[in-house]
Each structure stands twice: as C-alpha cells, then as structure tokens.
Amino acid sequence: MKKVIGGMATVVVLCLGLVNLSMAGEKAHGKGKTAKAVQSMSSEEQIKLALSAAPAHVAKDAAVLVFGADGTLTEGKPGTNGFTCIPTVMNLPDPDPMCMDAAVKQWWSDLMNNAPKPSNTVPGIAYMARGGSHWEKDKQVVMKEEPGAKIVKEPPHWMIMWPFDAKATMLPTAPNPAGMYVMFDGSPYAHAMVYQDPKKMK
Ligand SMILES: [Cu+2]
C-alpha cells in the first residue's frame, strides 16, 4: 500500500504527493462518507487513529499526516524513525490506518498520482494493525470498485511493497488460510500481504 522520510523538503514533497488522498478514494470507490468523517476528526484524534496501525515501538517515533477539512494531508506530528502514519487508506467503509516506511510512502504517492508504476527502488514495509478492506470480484482481488465487485475485509496485517510475481514465486494471489498472498498480482503495484498482527510483534 499499501515514500521518503528525511528533511523538511522531503516532507513537503510527500504532502504534495499525498494531496487529496481522500478525494482520490472517493473517486475510486464512490464513497466519501467515512473519508469526510475522518477529515472532521480533530488533529489529536486523527493522530491517535493513525498511530494505532503500528506496534508501539514503531508508532512511538513515527510521523503522522492528518487530513484538513479540504481533504489534503499535512504533517500532524513530526517523526524520527523514518515511518509515517496516516489515519485511513481505503475507507471501505471504516477507517483503515497505515504506518509506512520511506519506500512505501513513495509507492503510495505513485499510486495516488496514477503513476504507471511505483518508483521505490527498495522493498517497503507498511503496517496495518487495524486491518483494512479491498475490492474482490469472482474471488480475485481487484484494484478498484467495478461492477460485481464487493468489499472484503482484511485482518490485521503488514505488507512488503515490491512487485512480486505470483507465477514466478508460486505464491497465492488471493487471501487464504495460510495467511500470505500477492495483492494486485499482474500489476506493477503487486505486493505481499502478510496476515500477521503487527501488534503482536516485539
Ligand atoms: Cu495490500
């Protein structure tokens, strides 16, 4: 998902990259209700929600981006460990907060900007300890809402943003009891979903 950390300049670039995340969500999924609900939360509430995506040792020093009333993201809390948390990603329909490292921030920004492929040059790690949701059609995970697609919940998980090829690796392409699969297989935004609760990691 599910970008880069460092100096102030980087943070500004990231914020631009993530501008109108919720608007993109509304367009992609045709539902803006929860996105608006998150936007109307106080900065403190959004920070708390965002940080709940990662284990304590990650959340402690992570930066947080919060939504303004217009749906743009700005820094709500500076960080020092290279991770950035956001209060929600997909809103299908509940907020699904995510904490991501620099490479995933790049990945996510590329996705939000409709870049043909992600530009992170190393695999990125992202935590979604509250779980999330995706669109699924005929038991296949699809990237956007489409006719016949339904919302399927994801349990607490973490991700490796790297274009794994399910055929080459022989990994599964849909959620399964083994707890790991390649999401968005066959697209440049393919990544590994690991059904393991980040809150249980030490
Ligand atoms: Cu995913």
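Please refer to the structure placed before this passage.
About the criteria used
- Residues numbered from 1 in each chain as written.
- Predicted model: local features only at pLDDT ≥ 70, side-chain atom pairs only at ≥ 80, totals over all residues.
- Heavy atoms only, no water.
- Helix = DSSP H or I, 4+ residues; strand = E, 2+ residues; numbered from the N terminus.
- Buried < 20%, exposed > 50% of the residue type's maximum accessible area, 1.4 Å probe, protein only.
- Areas by Shrake-Rupley, 256 points an atom, 1.4 Å probe, with all protein chains shown as cover.
- Core = buried A, V, L, I, M, F, W, Y, C linked by side-chain atoms within 4.5 Å.
- Polar contact = N/O pair within 3.5 Å; in protein donor to acceptor, adjacent residues only side chain to side chain.
- Pairing = 2+ DSSP bridges.
- Axes fitted to C-alpha atoms, helices over the stretch in contact; angles between N-to-C directions.
- Contact = heavy atoms within 4.5 Å.
- Salt bridge = Lys/Arg side-chain N within 4 Å of Asp/Glu carboxyl O.

Chemist: Explain the overall build of the chain residue by residue, including any values.
Modeler: Assigned secondary structure in the chain consists of seven helices and 11 strands. Here the chain holds 202 residues, and 49% of them are scored as buried. With an accessible surface of roughly 9600 Å², the chain has 60% of that area assigned to carbon and sulfur atoms.

Chemist: Quick rundown of the nonpolar core? Include the residues and the values.
Modeler: Judged by nonpolar contacts, the single largest core of 28 residues is most densely connected at Ile86, Val89, Met98, Met100, Trp108 and Met159. Elements that contribute at least two residues to this core include exactly β1 (63-67), β4 (98-100), α6 (102-112), β5 (124-128), β7 (140-142), β9 (157-161) and β10 (180-183). With five residues, the top contributor of residues to this core is α6. Core analysis: the second largest hydrophobic core is formed by 16 residues, Ala53, Val58, Ala59 and Cys99 among them.

Chemist: Residues and numbers for the side chain of Gln39, please.
Modeler: You can see Gln39 is positioned in helix α3 (residues 33-39). A polar contact of 3.0 Å, which involves the side chain of Gln39, links it to the backbone oxygen of Ala69.

Chemist: Tell me about the sheet that holds β5, and name the residues and values.
Modeler: Across the sheet, eight strands lie side by side as β2-β1-β3-β4-β5-β9-β11-β10; this open sheet has mixed pairing. At either margin of the open sheet sits one strand with a lone partner, and together these are β2 (73-77) and β10. Between one strand and the next, the sheet's axes are offset by a mean angle of 25°, whatever the strand orientation. Pairing of strand β3 (residues 84-86) with β4, which is carried by three bridges, proceeds in the antiparallel orientation. When the bridges of β4 are listed, Thr84 appears paired with Met100. Against the sheet, helix α4 (residues 43-51) engages β1, β2, β3 and β4, with an angle of about 125° to β1. Against the sheet, α6 engages β1, β3, β4, β5, β9 and β11 (191-194), with an angle of about 115° to β4.

Chemist: Which residues make up the pairing of strand β6 (residues 132-137), and what values go with them?
Modeler: Burial analysis of β6 places five of its six residues in the buried class, which makes it a mostly covered element. Pairing geometry for β6 and strand β8 (residues 150-154), over five bridges, is antiparallel. Bridge pairing links Ser133 to Lys153 in β8. Sheet analysis places β6 next to β7, joined by three bridges and oriented antiparallel. Paired with Trp135 across the strands is Val142, a residue of β7. Between the end of β6 and the start of β7, which pair antiparallel, lie two residues, with Asp138 showing a positive phi angle near 50°.

Chemist: With reference to specific residues and values, describe the pattern of salt bridges.
Modeler: If you walk through the whole model with that rule in mind, you get three salt bridges. As a salt-bridge pair, Lys60 and Asp61 come within 3.4 Å of each other at their nearest N and O atoms. The exposed category is assigned to Lys60, whose relative accessible area is 59%. For Asp61, a relative accessible area of 29% puts it in the partly exposed group. Among the salt bridges present, the one from Glu146 reaches Lys137, with a minimum N-O distance of 3.7 Å.

Fair warning: the whole summary comes from geometry, so function is off the table for now.
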